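Remarks on the overall topology
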Amino acid sequence: MTTLLQVTGLTKRFAEKTVVDAIDFVLEEHTSTALIGPNGAGKTTTLSMLTGLLRPSFGSVNMVGGDLRANIGFLPQYPQFQPWLSALEFTEMAAKLSGVSAKKAKQEAQKTLEFVGLGNDLHKKIATFSGGMKQRLGISQAIVHKPKLLLLDEPVSALDPVGRREVLDLLKGLQQQTTILYSTHILNDAEEMTDQLLFLSDGKLVEQGTLREVRQRYDEPNYVVEFSTVEEAQYFVSQSTFKCTVNGCYVSVAIQEDKPSMQQLLESLTAYPYLVRNVARQTASLEEIFMKVAKRV
Amino acid sequence: MMEELANIPWAIIAPLIGVQIILVIVALIDLSKIHATNGPKILWVLIILFINLLGPIAYFIVGRKQS
Amino acid sequence: MSGMNVLLQKEFREAWRSRKFLWIPLVFALLGMSEPLTNYYMMDILEAVGNMPEGFEMLMPELVPADLLLATISQFQLIGLLVLMASFVGAISKERSNGTATLLYVRPISFGSFFISKFIVISAVGFVSIVAGFAASVYYTVVLYGTFEVGTLLASIGTYFIWVLFVLALTLMMSAAFKTTVAATAAFIIIFIGQIIDGLVGTFWTISPWKLPLYGVQLIRGTMEMSDYWWSLVMTVVLICVCMSIGVFSMKKNASSTKI
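Residues numbered from 1 in each chain as written. Chains lettered and ligands numbered in written order. Predicted model: local features only at pLDDT ≥ 70, side-chain atom pairs only at ≥ 80, totals over all residues. Heavy atoms only, no water.

In the annotation of an unreviewed UniProt entry, the entry for chain C reads ABC transporter permease, and the organism field reads Lysinibacillus mangiferihumi.

Under the annotation held in an unreviewed UniProt entry, chain B carries the name PLDc_N domain-containing protein and is attributed to Lysinibacillus mangiferihumi. Turning to chain B, the UniProt annotation filed under Subcellular location (unreviewed entry) states: "Cell membrane". (UniProt positions renumbered as here; feature names shortened; annotations may be inferred.)

Okay, here's the thing in structure tokens:
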């Protein structure tokens, strides 16, 4: 893996308030990174500094082997367009301004618009576009020049479920071709397409790593045992040396994830003739991890 | 009749009529294409047609709504 | 200046599709027509309004073509400039406040290109406008009063265009530096209060951009002190360059206040 972007000590201060506080991270080529955190955590400010729109108070953003501004595509949370241009005119303009040659720009713009599903609206004025169409147009202007790095601010938050599904699929299709960094506060979306997670809280990077790493760090391994009756479940809890919580026929058992503990659990299940229906390892959802990270801070 | 027509100082009137016609035509074409106006469209049609010179200009300044 | 063609195309499209390229010149044309017409028909208008005492005869001053051009320019100086400035004072500040600037400023394009593309297109609108205005005024003056000498007339129009360039450069600079309302206030104060001051106590100096419109007419009359003219012209051109430099600088500085 080769490093594409190196961010060191990135800080933004507005008057007294530190909105982004000395964050460091690295983006590898052809990976997707989710920047997650509650509203006001500094996600948009971080992205703005990466695009160059906002000058950092301290710290640096380095793109390996190239000028940053020439190699990014940016989709703001609420993209605004010149309403008197058509979709094709706007995308073509975006392409040319980002350095696509005049000859190829129109063709590329048309291809990109077809890719995002606006093939039938090439010549419609943007003034007549719906929210979903604007989001697609926003994506098309961000990718038309084939940037090395795609920065997306809450790309699906404002869309309805159908639109969200479609845009997520679009973005997944882009994963192979480019590096993506996107912010979101909707964790299901992050879970769906991410190689690296960056947790932002109050401007600080409080946790980072691959989804697996973060899971391992915060996962308290948990096995859920399903018994056939409530009495069995309660009896098991009374006998067990593990930390258990009962919920009807279900008992969730917190154990160390090592062989002796595992064996102990299985032995305790065979020590008495339970009618066990199911034993499953439970993985913490990103939501739960998120809550834990947020609580720890 | 012909004499009356000949008495009209065309050199003075014609440019004014020309400007008025251009303004009205362009304003009406623009109005027919535009997505939304400030205030009802039919009102602007009347203003453009019946207020000479200033009607179309008023439409361009305050009637057009972008975005 | 990379991306200049693209930006010029965008700005021209905007000026064209918002019909500014059309109605602003027509407003100037109407202003141009009004002065020679109302002056010529003043007696008829007064009679039509009535209330004239029996045997009343007003002594109308004998007007020469240059007087009508001056009267026309004073129309441009108030209503014309107001229309031009109000139309373009949001050129940069509105793009920031409505967020359309975001998708432009993230591109690898210099702020010089952004600023100059706007200035060129706005100047083109200004040029077409004053050409239309002067054409209308000159047409009626020639029909009703008398002819001009072509050379000095063109010099006069050219001089007025330089003044308009200064007004537009200043307006655009304010738009780059401030929010729309502040920019409008600042630009109006400098241009209009400047005119008033120059009118009241302007006899104490002879070199100033605010005097250029008057100097243009004096070229026609042949009463111009040429060194004053040239120095005023040089000063105006220098100020245009200063406005543009400050404009580019402030545009860059304020880029971060773009709504994201």
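Read on, since the account is not over.
Formed by 176 residues in total, the largest nonpolar core has its most connected members in Leu50(A), Phe199(A) and Tyr105(C). Per-element tally for this core: the top contributor is helix α8 (residues 150–177) of chain C, with 16 residues. Discounting residues that sit within four places of it in the chain, Tyr105(C) has contacts with Leu53(A), Arg69(A), Ile92(C), Phe111(C), Phe114(C), Met251(C), Ala255(C) and Thr258(C). Ranked by size, the runner-up nonpolar core spans 12 residues in total, among them Tyr223(A), Phe236(A), Phe242(A) and Leu269(A). (Core = buried A, V, L, I, M, F, W, Y, C linked by side-chain atoms within 4.5 Å. Buried < 20%, exposed > 50% of the residue type's maximum accessible area, 1.4 Å probe, protein only. Helix = DSSP H or I, 4+ residues; strand = E, 2+ residues; numbered from the N terminus. Contact = heavy atoms within 4.5 Å.)

All names here are of chain C. Per the UniProt record, "transmembrane region" (unreviewed entry) is annotated on residues 21–42, 68–93, 114–140, 160–178, 185–207 and 229–249. Between the C-alpha atoms that bound residues 21–42 the distance is 32 Å, and the span itself is 95% helix and 0% strand. The annotated region residues 68–93 carries 85% helix and 0% strand content, and the separation between its end C-alpha atoms amounts to 37 Å.

What follows concerns the interface of chain B and chain C. A common measure of how large an interface is: the accessible area buried when the components associate. The partner chain C presents 15 residues to the 15 residues of chain B that form the contact. Summing both sides of the interface, chain B and chain C together bury roughly 1,400 Å²; the carbon and sulfur share of this comes to 79%. Our count for the contact surface shared by chain B and chain C stands at 1 salt bridge. Where Asp30(B) meets Arg19(C), a salt bridge forms, and the shortest distance between an N and an O atom there is 2.4 Å. At the surface where chain B touches chain C, the tally comes to 3 residue pairs in polar contact (both at pLDDT 80 or more). The set of elements that each furnish at least two residues to the side of chain B that touches chain C consists of α2 (10–33) and α4 (54–63) of chain B. Looking at which element gives the most residues to the side of chain B that touches chain C, the answer is α2(B), with 9 residues. By residue class, the composition of the side of chain B that touches chain C is 12 nonpolar, 1 polar and 2 charged. (Buried area = accessible area lost by both parts, 1.4 Å probe. Salt bridge = Lys/Arg side-chain N within 4 Å of Asp/Glu carboxyl O. Polar contact = N/O pair within 3.5 Å; in protein donor to acceptor, adjacent residues only side chain to side chain. Nonpolar A, V, L, I, M, F, W, Y, C, P; charged D, E, K, R; others polar.)

Another aspect to go through is the interface of chain A and chain C. Listed by partner, the interface residues are 27 residues for chain A and 24 residues for chain C. With both sides pooled, the region where chain A packs onto chain C buries about 2,500 Å², and carbon together with sulfur makes up 65% of that total. Measuring nitrogen to oxygen at the nearest pair gives 2.8 Å for the salt bridge that ties Glu89(A) to Arg17(C). Taken together, chain A and chain C are joined by 7 residue pairs in polar contact (both at pLDDT 80 or more). For the side of chain A that touches chain C, the elements supplying multiple residues, two or more each, are α1 (43–51), β5 (72–75) and α2 (87–97) of chain A. Of all the elements, α2(A) adds the most residues to the side of chain A that touches chain C, at 6 residues. A breakdown of the residues in the side of chain A that touches chain C according to their chemical character gives 14 nonpolar, 9 polar and 4 charged.

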